[in-house]
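Listed below are the residues making up each chain.
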Amino acid sequence: MALAAAGGCHDANWLTFDWSDRPVLCSHSIDDAEGPPWQRIEDQMRVAAAHDYVVLLHAHKPGKSVARSSIEHMLDLAATYHLPTLTYRELDPDRPARGGLAFAFDDNSVGLWFGLRDLLLQRRARVTFFLSRWSILDEEERAELRILAGDGHDVEPHGADHRHVSDYVRDHGIEGYLEDEMLPSMDVLVGAGYEVPTIYAYPFGERPDGLDDAVLEYVPRVRVSPKSCPY
Ligand SMILES: [Zn+2]
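Residues numbered from 1 in each chain as written. Predicted model: local features only at pLDDT ≥ 70, side-chain atom pairs only at ≥ 80, totals over all residues. Heavy atoms only, no water.

Q: Which residues make up the packing of aromatic side chains, and what values go with them?
A: Across all of its chains, the model carries nine aromatic pairs by this definition. Plain terms: the ring middles of F17 and W19 are 4.9 Å apart, the flat faces sit at 65° to each other, and that makes the pair edge-to-face. Owing to a relative accessible area of 1%, F17 belongs among the buried residues under this scheme. Consider the rings of Y200 and Y202, whose centres lie 5.8 Å apart with planes at 85°: the pair is edge-to-face. Looking at Y200, the relative accessible area reads 0%, which means it is buried. (Phe/Tyr/Trp six-rings, centres within 6.5 Å; stacked < 30°, edge-to-face > 60°. Buried < 20%, exposed > 50% of the residue type's maximum accessible area, 1.4 Å probe, protein only.)

Right under this line is the structure:
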């Protein structure tokens, strides 16, 4: 009830993975600029614990857009509600439902993500990195990402150049978007030896009409932000 009220006219499970086969997943940011909505997050976790849902949260640059203390607080809250961390790769509707927290870092601050490695290991937390702009990563960053993946974190695509989805589709069509932005961001990961992607996170959470069907030809799920959440 509190969750529904906080989110307007949304389903109670809108910011979660509910182990159904719905392909669009909606994640809330905990970046500090937006002020992590701790009450809403805790409400979500309570609902998730009661119904075996997975809470979906993300941030960008640890120590910059999101304080390390916020990450720790989120993990503390999840532990309070007995919600283990799961990667997006594990959010498979064919698996038995269980409560959890799927936390992601978006974009390409690999050095800053690597700086959290000890904390994540200590807390046995596994996260997903939605990576954009692989092309600008240097050798050291690529090596760090590889080590993070070796720790059990997931790496999934988030656009070759992190372009605005709606503008790009308007100017170049859905096929243009797939060819220039989405598919290359998947291909570089596979080419670098990562597992075949299971989800695509739209840059800026933009989700223009008609794009889901095209993208879902290539991945089973897409991730969006609350403002473009269909539930
Ligand atoms: Zn992004």
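Next comes the rest of the account.
Q: Could you give me a rundown of the pattern of salt bridges, with the residues and numbers involved?
A: One pass over the full model with this rule turns up 15 salt bridges. A salt bridge links R89 to E156; the nearest nitrogen and oxygen atoms lie 3.3 Å apart. In this pair, R89 sits in the loop between α3 (68-80) and β5 (100-107) while E156 sits in strand β7 (residues 154-157), placing the two residues 67 residues apart along the sequence. According to the relative accessible area criterion, E156 is buried, its value standing at 0%. Ionic pairing is found between D151 and R117, a salt bridge with its closest N-O pair at 2.6 Å. One end of the pair, D151, is in the loop between α6 (139-150) and β7; the other, R117, is in helix α5 (residues 117-122), with 34 residues separating them in the sequence. (Salt bridge = Lys/Arg side-chain N within 4 Å of Asp/Glu carboxyl O. Helix = DSSP H or I, 4+ residues; strand = E, 2+ residues; numbered from the N terminus.)

Q: I'd like to hear about the state of the cysteines, residue by residue, with values.
A: Inspection of every chain in the model, using the stated rule, returns one disulfide. Each sulfur in the disulfide pair C26 and C229 lies 2.1 Å from the other. Residues C26 and C229 share a disulfide whose torsion about the S-S bond is about 85°; that sign makes it right-handed. Of this pair, C26 sits in strand β2 (residues 24-26) while C229 sits in the segment after β9 (221-224); the two residues are 203 residues apart in sequence, bridging distant segments of the chain. The class for C26 is buried, based on a relative accessible area of 0%. Given a relative accessible area of 12%, C229 falls into the buried group. (Disulfide = S-S within 2.5 Å.)

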